[in-house]
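The primary structure of each chain is shown beneath.
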Amino acid sequence: MKPLRFPAGLYGVTPDWADTARLLTAVRQAAEGGMRALQLRRKNASADERAAQARALVPLCRDLGVVLMINDDWRLALEVGADGAHLGRDDDALAEVRREAGPDLLLGVSCYNDLARARELLAQGADYIAFGAVFASPTKPQAAQAPLALLTQAAQLAEACPAPRPGVVAIGGITAQNAPLVAQAGADSIAVITGLFEMPDIRAAARACAAACASARAQPPAAPQP
């Protein structure tokens, strides 16, 4: 398997917490449990609140060795010195962002359950393609379902790219219990919100998710799921 542009394993996505001190403590605990990357996702915050949390997270994530992505706002990612940005369907076009931001900013993209979209965005230089919801998600209960077989197809697309290749990220209702199914289907990274940051012991939840993902990825690929 080719080396990756984006870390494999546990990819934490922040809940919509306004309490920055609580968030920083939780991120440290998750990193101690094995989280490799973090996405700051504050859909209900003001621009100033989101920027303040981003600035607080940058030095912490650097100290912890955690890759920091900013949801929706690639300009903020550049401004604060984050590692990258995550772009959805309603954000600026990937090709435009790449031209403006340059080659060093990591860019991940939401592909929902759309393999054709993934193929197009890979051609434009996405560093990872994300699919979901894989399972029922408390964060996005109305999200379209991305079947496990889609992850297998996405992994084949990503593996055909030059090394280091883009990653395949799965999101939506993922827990330590179902993470092995996701990793065996082809996901390099599992993006987790509730199953990580809303758990009573964040460090233990991170450890369980990271271990489940690593163990599954070490096994031979599973047959495609329906």
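Residues numbered from 1 in each chain as written. Predicted model: local features only at pLDDT ≥ 70, side-chain atom pairs only at ≥ 80, totals over all residues. Heavy atoms only, no water.

K.L.:
I'd like a description of the overall build of the protein, backed by residues and values.
P.N.:
When its secondary structure is counted, the protein shows nine helices and eight strands. If one aligns the C-alpha atoms of the protein with their principal axes, the spans along those axes are about 45 × 40 × 35 Å. Across the 226 residues that make up the protein, the buried fraction comes to 53%. Long-range contacts, defined as pairs at least 24 residues apart, comprise 63% of the intrachain contacts of the protein with a sequence gap of at least 6. A total of about 9,900 Å² of accessible surface is found on the protein, and carbon and sulfur atoms cover 51% of it. (Helix = DSSP H or I, 4+ residues; strand = E, 2+ residues; numbered from the N terminus. Buried < 20%, exposed > 50% of the residue type's maximum accessible area, 1.4 Å probe, protein only. Contact = heavy atoms within 4.5 Å. Areas by Shrake-Rupley, 256 points an atom, 1.4 Å probe, with all protein chains shown as cover.)

K.L.:
Describe the side chain of His86, with residues and values.
P.N.:
Tracing the backbone through its elements, the reader meets His86 in strand S4 (residues 84-87). For His86, the side chain forms a polar contact with the side chain of Tyr128, separated by 2.7 Å. Not counting residues within four places of it along the chain, the set of residues in contact with His86 comprises Gln39, Met69, Ile70, Asn71, Asp72, Asp91, Gly108, Val109, Ser110, Tyr128 and Ala130. (Polar contact = N/O pair within 3.5 Å; in protein donor to acceptor, adjacent residues only side chain to side chain.)

K.L.:
So what about the state of the cysteines? Which residues, and what values?
P.N.:
Under the criterion given, the structure shown has zero disulfides. Cysteine Cys61 is unpaired, with the sulfur of Cys209 as its nearest cysteine sulfur at 17 Å. On the basis of relative accessibility, which here comes to 1%, the residue Cys61 falls in the buried class. (Disulfide = S-S within 2.5 Å.)

K.L.:
Let's hear about the environment of Ala101: which residues, and what values?
P.N.:
Inspection of the secondary structure puts Ala101 in helix H4 (residues 94-101). Judged by its relative accessible area of 16%, Ala101 falls in the buried class. Sequence-wise, Ala101 and Arg75 are 26 residues apart; in three dimensions their C-alpha atoms are separated by 8.0 Å. For Ala101, the contacting residues outside a window of four places in its chain are Trp74 and Leu78.

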